[in-house]
Each structure stands twice: as C-alpha cells, then as structure tokens.
Amino acid sequence: MTIQKVGVIGCGLMGHGIVQVAAQGGFQVVAVETEQRFLDAGLARIDKSLAKLGEKLVKDGKASAEDAQKNAQQTRARIQGSLERRSLADCDLIIEAIVEDLPTKEKLFAELGGLAKSTAIFASNTSSFPISEMGRASGRPARMVGLHFFNPVQLMKLVEVVRTDATDPAVFAAAKAFGEAVGKKPVACKDTPGFVVNRLLVPYMGQALEMLERGDASAEDIDTAMKYGCGYPMGPIELTDYVGLDTTLFILRGWVKRFPNEPAFKIPAVLERKVKEGKLGRKSGEGFYKWEGDKRL
Ligand code: CAA
Ligand code: NAD
C-alpha cells in the first residue's frame, strides 16, 4: 500500500504541524481549511516553524545556511493549500484534524466516503472520540484508523496508531509505516477513550484545575511542583493552555456524556467558565496565563 499524497483537513494548532511533518517526510500534501484566513494562518505558522528548524540546524552545525534554506523551500513546495474538499480526491491518506466535535467529524467522513478514491486510507487525529464511529460514517470502516499526533507536532516524537475491530491489518500497517516515515515513534492502540496518553493525561489536567479551583495552590505553584517534582517539561495548568481550553473541555464533555459513572471523567467548573469567557489558552492569547504568540508572558 503506497502512500504518496496526503490530505490534511484542518490547519489549526495540530493540522498545520501534521501538514509540515508530512511534507518534511517527503510526501505531497494538500491542506484543506474552511476559510482563506484560517488557511493563511496555518501556512504562516508552517513558514515560521520551518525557519526556526532551519536556524537550529545551522546553529548546531548540521547544515549550511544555504542548504537549510533550500531544504525548507523544498518542504514548503510540497504543500498545497485548498478550500475545496474535492482536492482530496486523489490522496492516498486523508487525516482529519478539525474541531473536537463528533457529529462534525462524522459529517466530514461521510462526505469523504463519497469523494475519496477507493484505495484511500482515512485517519482521524481525534483526542477522544471512537475511531469506529467515524469509520462507520465514512462507509469504509476497514480503511479507517486513528493517527493521534501530539502538540507541538513538529517536536513531539509520538504518534498513537489506533485500530478498530474493523480496521484492515494492511491499512493499520500502512498507517504505522507513515508514522515512522514522518519521524515519529508509533505505538499501537485499541479504540478506547483517550487511547493511551489522553486516558492518563486529561484526568490529570482536570485534577490540577480542581486543585486550582479549591485554592490548594496557585497555578504557578502547581506547575512548578510538577516540573521540578516530577521532571515534566511543562506543568498541567500551562499544558491546558497549550492544548486549548476548548479542546480540553470538548474531550471531557464527550467522555462525561458517554461514561457518566467513570469518576476520572469530570468537568472542572473553572474550565467551563473560562471557555464561556472566550479564554481558550495560547491560541486566543489568554487562558490560565497570558500569551503573546507562542510565548507565555
Ligand atoms: N516548530 C519548530 N521549532 C519549535 C516549535 C515549532 N512548532 N516550537 C518550539 N520550537 C523550538 C524553539 O524555538 C526552541 O528552539 P531553540 O532551542 O533554538 O531556542 C526549541 O524548539 C525548544 O522550544 P522551547 O524553548 O519552547 O523549549 P522547551 O524546551 O520548553 O520545549 C516543549 C517546548 C517541547 C513544548 C516542551 O515544553 C514540552 O514537551 N511540553 C509538553 C508538551 C506536551 O505534553 N504535549 C502533549 C500535549 S497533549 C496532546 O498533544 C494530546 C491531545 O490530544 C490533547
Ligand atoms: P484548532 O481549533 O486549533 O484547529 C481546528 C481547525 O479545523 C481550525 O483551523 C478550523 O478552521 C478547522 N476546521 C473546523 N471544521 C472544519 C471543517 N469541517 N473542514 C476543514 N477545516 C475545519 O484545533 P486543534 O487543537 O488543531 O485540534 C484539532 C483536532 O486534533 C481535534 O480533534 C483535537 O482533539 C485533536 N488534538 C488536539 C491536540 C491539542 O493539543 N490541541 C493534540 C492532539 C489532538
């Protein structure tokens, strides 16, 4: 099963990174968005990230400035932006990275089932929803997998490759090989809520927010404690800002609805409040902390 051309739908926080690593891996990539301004923003982030990675190569003596620039230009030339889902028709692999809302994702996969070529592999980057339900919506459950990348995609080395009971083993193998080809360490996961990482990580983030709400410690102290006490690169409150408060809330809402008796799945009131106020974290400039672009103030 050969993958040459990859489609990525959604060019936000995650989608732009997936587009970039796929292009860096040598694949032709089509990035599809709903509006030109979102597409432009995603492509601008890719340009910025490629420039940063190029600077680092030069600084570390791994490439000359000329080679680094040429390399970035070649990567960028493999990326095509589009507002038309039809431009995905000849893709070998289509990865969905849109908003964490199951009905919206199912609608998209139903549409893809009607337009993609018969050999295409469908993948979702969902943080929390069942891959099997998207496979069913597409009408091609055997060709559906989860490809769950981590934020920031350019730097995080893991990809969870999720198979359902219906996934064709050859499709799973091709998706895993794609993960390796884009420089990631793939792990195999079953189609369980949150797969491996989020089943552990999101309840932990929720616990930290409850601790903040109770006034047990300040956001800074909770983050400092987990950084210096456990060696995590980032504390749980800053990480919630980094992931997006909206995405974190959508994950927990979906789980609470499906598994009301699971005590680890609980929505902290402070998360609901902040999202209602439009404080979505790094992406909106304010969450639990204030941000300017990618920098925490
Ligand atoms: N592209 C290119 N370069 C980038 C970059 C990007 N997107 N982001 C950062 N960099 C560069 C920086 O410019 C910096 O370069 P220099 O060394 O030349 O200065 C370098 O990478 C390191 O960045 P930082 O200075 O910001 O340093 P850091 O050491 O704090 O690393 C981090 C940042 C990798 C994000 C680290 O803090 C970290 O690992 N945080 C935890 C992230 C995490 O847990 N992610 C998972 C979230 S959960 C998820 O993704 C699943 C889900 O479904 C919700
Ligand atoms: P985001 O809000 O940053 O980006 C979503 C993008 O999708 C937006 O640019 C939006 O315009 C676009 N979009 C929405 N509906 C669309 C449609 N129908 N067609 C095309 N584009 C559409 O969100 P994100 O953080 O990138 O999350 C995307 C997915 O990745 C979600 O399923 C999320 O759970 C998952 N995820 C997020 C993280 C994280 O840390 N944020 C990590 C891993 C996985």
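Residues numbered from 1 in each chain as written. Chains lettered and ligands numbered in written order. Predicted model: local features only at pLDDT ≥ 70, side-chain atom pairs only at ≥ 80, totals over all residues. Heavy atoms only, no water.

Caption draft 1: Broad picture of the nonpolar core. Grouped together as the largest cluster of nonpolar side chains are 35 residues, with contacts concentrated most on Ile-3, Val-6, Leu-93, Ile-95, Leu-147, Phe-149 and Phe-178. In contact with Leu-147, not counting residues within four places along its chain, are Leu-93, Ile-95, Ala-123, Ser-124, Asn-125, Val-159, Glu-160, Val-161, Ala-175 and Phe-178. Within the second largest apolar cluster, 22 residues are counted, among which are Leu-245, Ile-251, Trp-255 and Trp-291. (Core = buried A, V, L, I, M, F, W, Y, C linked by side-chain atoms within 4.5 Å. Buried < 20%, exposed > 50% of the residue type's maximum accessible area, 1.4 Å probe, protein only. Contact = heavy atoms within 4.5 Å.)

Caption draft 2: Representation of the sheet that holds strand β1 (residues 5-9) within the structure. With mixed pairing, the 8 strands of this open sheet are ordered in space as β3-β2-β1-β4-β5-β6-β7-β8. Only two strands of the sheet have a single neighbouring strand rather than two, namely β3 (79-82) and β8 (185-190). Averaged over all neighbouring strand pairs, the angle between strand axes comes to 25°, with direction disregarded. In terms of strand pairing, β1 meets strand β4 (residues 93-96) through 4 bridges, oriented parallel. Along β4, the bridge assignment pairs Gly-7 with Ile-94. (Pairing = 2+ DSSP bridges. Helix = DSSP H or I, 4+ residues; strand = E, 2+ residues; numbered from the N terminus. Axes fitted to C-alpha atoms, helices over the stretch in contact; angles between N-to-C directions.)

Caption draft 3: Fine view of the site of ligand 1. Every one of the 20 residues lining ligand 1 counts as a neighbour, but Ser-49, Ser-127, His-148, Asn-151 and Asn-198 are closest to it. Between a nitrogen atom of ligand 1 and a side-chain N or O atom of Ser-49, the distance comes to 2.6 Å. For ligand 1, an oxygen atom lies 2.8 Å from a polar atom in the side chain of Asn-198. Bound to the protein, ligand 1 loses 68% of the 1100 Å² it would expose on its own. Among the elements that make up the shell around ligand 1, the one with the highest residue count is helix α2 (residues 36-59) (5 residues). Counted by class, the shell around ligand 1 contains 11 nonpolar, 6 polar and 3 charged residues. When residues are assigned to domains, the shell around ligand 1 turns out to be shared by domain 1 (5-190) and domain 2 (199-286), each giving three or more. (Near = heavy atom within 4 Å. Polar contact = N/O pair within 3.5 Å; in protein donor to acceptor, adjacent residues only side chain to side chain. Areas by Shrake-Rupley, 256 points an atom, 1.4 Å probe, with all protein chains shown as cover. Nonpolar A, V, L, I, M, F, W, Y, C, P; charged D, E, K, R; others polar. Domains from an automatic or database assignment.)

Caption draft 4: Quick peek at the side chain of Asp-223. Mapped onto the fold, Asp-223 is located in helix α8 (residues 219-230). Buried and unpaired, Asp-223 has Arg-296 as its nearest opposite-charge partner, separated by 4.5 Å. Of the polar contacts made by the side chain of Asp-223, one reaches the side chain of Tyr-289; its length is 2.7 Å. Every residue in contact with Asp-223, bar those within four places of it in the chain, is listed here: Gly-235, Pro-236, Ile-237, Glu-238, Tyr-289 and Arg-296. (Lys, Arg positive; Asp, Glu negative; His and termini not counted. Salt bridge = Lys/Arg side-chain N within 4 Å of Asp/Glu carboxyl O.)

Caption draft 5: Structural view of the packing of helix α7 (residues 197-214) against helix α9 (residues 236-243). In the contact formed by α7 and α9, the axes pass within 9 Å of each other and the chain directions differ by 115°. Here α7 and α9 pass one another in a crossing that is left-handed. Facing Leu-201, Tyr-204, Met-205, Ala-208, Leu-209 and Leu-212 of α7, the residues of α9 in contact are Pro-236, Ile-237, Leu-239, Thr-240 and Val-243. (Left-handed = near helix turned anticlockwise from the far one by under 90°.)

Caption draft 6: Representation of the domain arrangement of the protein chain in the model. Per the domain assignment, the segments making up the protein chain are domain 1 (5-190) and domain 2 (199-286). Put simply, the middle of domain 1 and the middle of domain 2, counted by C-alpha atoms, are 26 Å apart. Opposite the 12 residues of domain 1 that make contact, domain 2 presents 10 residues. Interface area for domain 1 against domain 2, summed over the two sides, is near 870 Å², with a carbon-plus-sulfur share of 58%. Counting across the interface, domain 1 meets domain 2 through 1 salt bridge. (Buried area = accessible area lost by both parts, 1.4 Å probe.)

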